[in-house]
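Breakdown of the fold
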Amino acid sequence: MADQYTPIVCQLEQDANAVRIKKLILYACKNWWENDLNRLSVISLQSLVQELRYLNPTLERLQYKLKLLVGTLSKQEEYLQVANTIIENLAALYRTAPAIEKTPISTNPLDGIGGELQTQITQALEQAANSSSRIKKLMICAALKYWETDPIKVEQAEIKKLISELAHQYPTIESLQIGLAAIVKSLNKPIEYAAIANMILREMGKLYVQEDGVPLQEAAGVLTSQALNQPICQTADPALSLFDIRLEIIKFANPLRAKILLFSLVYYPFTGKEQDWSNLKLYSLEGLLRSVTTVCSSLEALQLKLEEMAHQLNQPEEYLAVASVILKSVKPGYAELQQQQQDLEISAADVTRADSTQVLIAPVAKLISGIENRKL
Amino acid sequence: MNGQDVLERYESGEMNFTRANLSGINLMGADLIGANLAHADLHHSILILAYLNRSNLTHANLKGTKLCGANLSQADLLNANLCDADLHGAILYGADLRGADLSLATLVDANFRDADLRNVNFSGADLRGACLRGANLREEKRAYKGANLRGADLRGADLRGANLSGADLSRSNLIGANLSEATLRNADLTEANLTDAILNGTFLTDANLTEANLSRAILRNCKLNRAQLNEANLADADLRDATLSDAKLHKTNFQRANLTRSRLNRAEFNHANLRHATLVDALLIKAYLGRADLREANLAGANLAGAELSSALLNGAILQGATLPDGSVQT
């Protein structure tokens, strides 16, 4: 099956836009924009293409994801063409290998799916799930990217299906480990769930076979309390408070100026160019508010950055006033907003809300340089 | 007249620009508070971040005009032509827009709080994240037709407390919008997409929601009496304490929906899908459940007195403590 990738990768490498193709695929796989050609050249396009295929089980999903990412770039027209080239070339992978089981990954856990091994794991996890619904909750979250609170639905979820789904989504035990750790950290009972995650990892580890054929049973034990020592509270309805925060802002500030300031902080300083206006329109005020929480770890940091940015924009005094309104509005629930954003990031891939355009893009400071106009 | 002339005249005290031809003019950031621009031709002009508070723009031609971030609070925009105008992040707080044409306009994150929007044409407008809290869009017999929001994009919009009685919201996109406490009596929401929308305490009495998508929507304490929900999708919706008396629910999908304590008296559930739905303590007096699918549904404590249940599918349904059609209580 490896041959299936070779002609596609060759085709992509020979394309006139080969560098941009690699940049976009890298961005789609690792959520990271690389401008350095030397660093780009050492990354294997073949493994990136394989990962891209894994991360996007359907062609529609791939199209959606690429389109979403292109929307965040400054050279949208050029990258739309690049995205189309990728889609055209990768379409063959979806036609000839509809079953993801066929994808060649050396430690493919799917080899164990359906066999006796899976039955064993299912039984072990089911037994444990009888005494605690948390196992299923965590598996649902990792597999289906949402947190299920309805006990009936948790009860109805089938362990066997969840195992298959996890194996599909996490090609390696390391990726499963990372995925579970990210979820556990975002929960309000991280210590309790770390133990659950370890149990899942221990059982699932049996599916992930090393190249020498030895099962990776001892993969667990990585989710230590030190990584998870942030007690976080969860709210019943995250969407509600965001509506209130937004309302508070627009009551006392110009919504457009609020957006310009937040956009400049999260992405790049707004200069009023045609492209900036189009980019700004892609983001909703609500989405920008959510994104800003990932850039500024505390209210103090937010204040500092808002004021700093206000000084850089045209008519700073106007933006300073807007900054103070934003601060006042988010102040009562900033920690909560941060927590909600973390929860959302878990389910980002499946979010179809109005502001979903930016949820998938890590709007963190380290990315800013990557999205800078002229470097693209 | 160019932008400079307008500003000089305004600064010298002249407020009257009635019927002036100002098409294509650049007045970015201009201060024209209270100016009289009634019947003025401002099409394709640039009024980005302009101050037009309390200005009179009655019957003004603002077709394709750039009004991003403009302040139009309490402005008079009666019958104004704002077709295809760009009002991204504009302030229209308390503005009077009765009869205005906002079709295909860009209204992303615009603030329409407490605006008078009766008889406004919003068809195909982009209202993502817009705030219409407390806005008046209601239909009034012989005076105002309901607002036209046909096919409008209202994703994530804040419509709390807005009056949308008789409004046409057919095929509109309301994904993730907040319509709590809004009034949508008699509104047309045919084929509207309300996935993940919040409709707590919303009045949807007599509304037409045929084929609407309300999956995962939150409809707690929502009033849906006599509403038409035929073939609508309410899978995984939260309808706790909602009222759906006399509602038309032909082929409606309520899979896994939570209808705890809801009032469903005389509702017509023929061929409705209620698999895995929770109907604990629900009132289903004289409800018609002909060929409804209630498999694995939880009807504990529900009142089904006089209901038509004979042809419903009840395999695996929980009926403990429920009052059955003949008045007996299931033990």
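Rules used in this analysis
Residues numbered from 1 in each chain as written. Chains lettered and ligands numbered in written order. Predicted model: local features only at pLDDT ≥ 70, side-chain atom pairs only at ≥ 80, totals over all residues. Heavy atoms only, no water. Helix = DSSP H or I, 4+ residues; strand = E, 2+ residues; numbered from the N terminus. Buried < 20%, exposed > 50% of the residue type's maximum accessible area, 1.4 Å probe, protein only. Contact = heavy atoms within 4.5 Å. Areas by Shrake-Rupley, 256 points an atom, 1.4 Å probe, with all protein chains shown as cover. Salt bridge = Lys/Arg side-chain N within 4 Å of Asp/Glu carboxyl O. Buried area = accessible area lost by both parts, 1.4 Å probe. Polar contact = N/O pair within 3.5 Å; in protein donor to acceptor, adjacent residues only side chain to side chain. Nonpolar A, V, L, I, M, F, W, Y, C, P; charged D, E, K, R; others polar. 1 Å grid on protein atoms, 1.4 Å probe; cavity = no way out; pocket = protein on both sides within 12 Å on 5 of 7 lines; lining within 4 Å. Points joined across faces, edges and corners; volume = space filled by probe spheres on them. Phe/Tyr/Trp six-rings, centres within 6.5 Å; stacked < 30°, edge-to-face > 60°. Lys NZ or Arg CZ within 6 Å of the ring centre and 35° of its normal. Patch = residues over 30% accessible without salt bridge, like charges linked within 9 Å, V, L, I, M, F, W, Y side chains within 5 Å. Lys, Arg positive; Asp, Glu negative; His and termini not counted. Charge placed at Lys NZ, Arg CZ, Asp CG, Glu CD. Axes fitted to C-alpha atoms, helices over the stretch in contact; angles between N-to-C directions. Left-handed = near helix turned anticlockwise from the far one by under 90°. pLDDT = per-residue confidence, 0-100.

Chain B has the name Pentapeptide repeat-containing protein in an unreviewed UniProt entry, where Phormidesmis priestleyi ULC007 is given as its organism.

**Points about the overall build of chain B**
Check the secondary structure of chain B and you find one helix and zero strands. Per-residue burial for chain B yields a buried fraction of 58% across its 331 residues. For chain B, contacts bridging at least 24 residues in sequence account for 7% of all contacts bridging at least 6. Accessible area for chain B stands at about 12200 Å²; split by element, carbon and sulfur atoms hold 41% of it.

**Looking at the overall build of chain A**
The number of helices and strands found in chain A is 21 helices and zero strands. Relative to its full complement of 376 residues, chain A shows a buried share of 52%. Accessible area for chain A stands at about 17000 Å²; split by element, carbon and sulfur atoms hold 52% of it.

**What to know about the pattern of salt bridges**
All names here are of chain B. Across all of its chains, the model carries 29 salt bridges over all chains by this definition. Of the charged contacts in the structure, one is a salt bridge between Arg171 and Glu191, with a shortest N-O distance of 3.3 Å. Of the two residues, Arg171 sits in the segment after helix H1 (3–11) while Glu191 sits in the segment after H1, which places them 20 residues apart along the sequence. For Glu191, a relative accessible area of 34% corresponds to the partly exposed category. Look at the salt bridges and you will find they share partners, linking Asp96, Arg98, Asp116, Arg118, Arg138 and Glu140 into a network.

**Digging into the interface of chain B and chain A**
In this complex, chain B contributes 35 residues to the contact, which on the side of chain A involves 29 residues. Buried surface at the junction of chain B and chain A, both sides included, amounts to about 2600 Å², of which 56% is carbon and sulfur. The largest share of the area that chain B buries against chain A comes from Leu49(B), His88(B) and Asp109(B), three residues that together contribute 21% of it. Here chain B is connected to chain A by four salt bridges. For Asp244(A), the salt bridge identified is with Arg160(B), shortest N-O distance 2.7 Å. Taken together, the links from chain B to chain A amount to 13 residue pairs in polar contact (both at pLDDT 80 or more). When its residues are assigned to classes, the side of chain B that touches chain A shows 14 nonpolar, 11 polar and 10 charged.

**Focus: empty space enclosed by the protein**
A complete count under the given rule lists three cavities of 30 Å³ or more for this structure. Here the largest cavity defines a volume of roughly 50 Å³. In terms of lining, the largest cavity is formed by Asp150(A), Ile152(A), Lys153(A), Gln156(A), Arg256(B), Ala257(B), Asn258(B), His276(B) and Thr278(B).

**Quick look at the packing of aromatic side chains**
Under the defined criterion, the tally for this structure stands at 10 aromatic pairs over all chains. Ring geometry for Trp33(A) and Tyr79(A): centres 5.5 Å apart, planes at 70 degrees, overall edge-to-face. Taken together, the positions of Trp33(A) in the loop between helix H2 (18–30) and helix H3 (37–41) and Tyr79(A) in helix H6 (residues 76–96) put the pair 46 residues apart, joining distant regions of the chain. On the numbers, 5.2 Å between centres and 75 degrees between planes, the contact of Phe263(A) with Tyr268(A) is edge-to-face. There is no split in this pair, since Phe263(A) and Tyr268(A) are both buried. Following the ring pairs from residue to residue traces out a cluster consisting of Phe263(A), Tyr267(A), Tyr268(A) and Tyr283(A). Of note, Arg257(A) hangs over the ring of Tyr319(A), and the distance from its end group to the ring centre comes to 5.3 Å. Across from the ring centre of Phe203(B), 5.7 Å away, lies the NZ or CZ of Lys223(B), which sits over that ring.

**Section: helix H8 (residues 134–144) of chain A**
With nine of its 11 residues buried, H8(A) lies for the most part within the structure. Looking at the residues trailing H8(A), positive phi occurs at Lys145(A), about 65 degrees.

**Looking at the environment of Met139(A)**
Residue and element names in this part refer to chain A. Structurally, Met139 is set in helix H8. It is 9.9 Å that separates the C-alpha atoms of Met139 and Val154, two residues lying 15 residues apart in sequence. The residues contacting Met139, other than those within four sequence positions of it, are Leu125, Leu144, Ile159, Leu162, Ile163, Leu166 and Ile200.

**Here we look at a negative patch on the surface**
Residues and elements named next belong to chain B. Together, Asp5, Glu8, Glu11 and Asp31 make up a region of like negative charge exposed at the surface. Of note, Glu8 is situated in helix H1. Residue Glu8 is classed as partly exposed on the basis of its relative accessible area, which comes to 46%.

**Remarks on the packing of H8(A) against helix H11 (residues 173–186) of chain A**
Residues and elements named next belong to chain A. Where H8 meets H11, the axes come as close as 10 Å, and the angle between the chain directions of the two elements is 120 degrees. Crossing of H8 over H11 shows right-handed handedness. The segment H8 lies against H11, with Leu138, Cys141 and Ala142 engaging Leu180, Ile183 and Val184. In the contact of H8 with H11, the residues fall into six nonpolar, no polar and no charged.

**Observations concerning the packing of helix H14 (residues 255–266) of chain A against helix H16 (residues 285–295) of chain A**
All names here are of chain A. Running from amino to carboxyl end, H14 crosses H16 at an angle of 35 degrees, the nearest separation of the two axes being 9 Å. Of the two possible hands of crossing, H14 and H16 adopt the one that is left-handed. For the pair H14 and H16, contact is made by Ala258, Lys259, Leu262, Phe263, Leu265 and Val266 and by Leu285, Leu288, Leu289, Ser291, Val292 and Val295, respectively. Taken together, the residues that form the contact of H14 with H16 break down as 10 nonpolar, one polar and one charged.

**Some words on the confidence of the model for chain A**
Of all residues in chain A, 76% have pLDDT values of 70 or greater, and the mean over the chain is 76. Low pLDDT, under 50, characterises residues 98–107 of chain A; the stretch is placed with 26 contacts to residues that sit more than four places away or in other chains.

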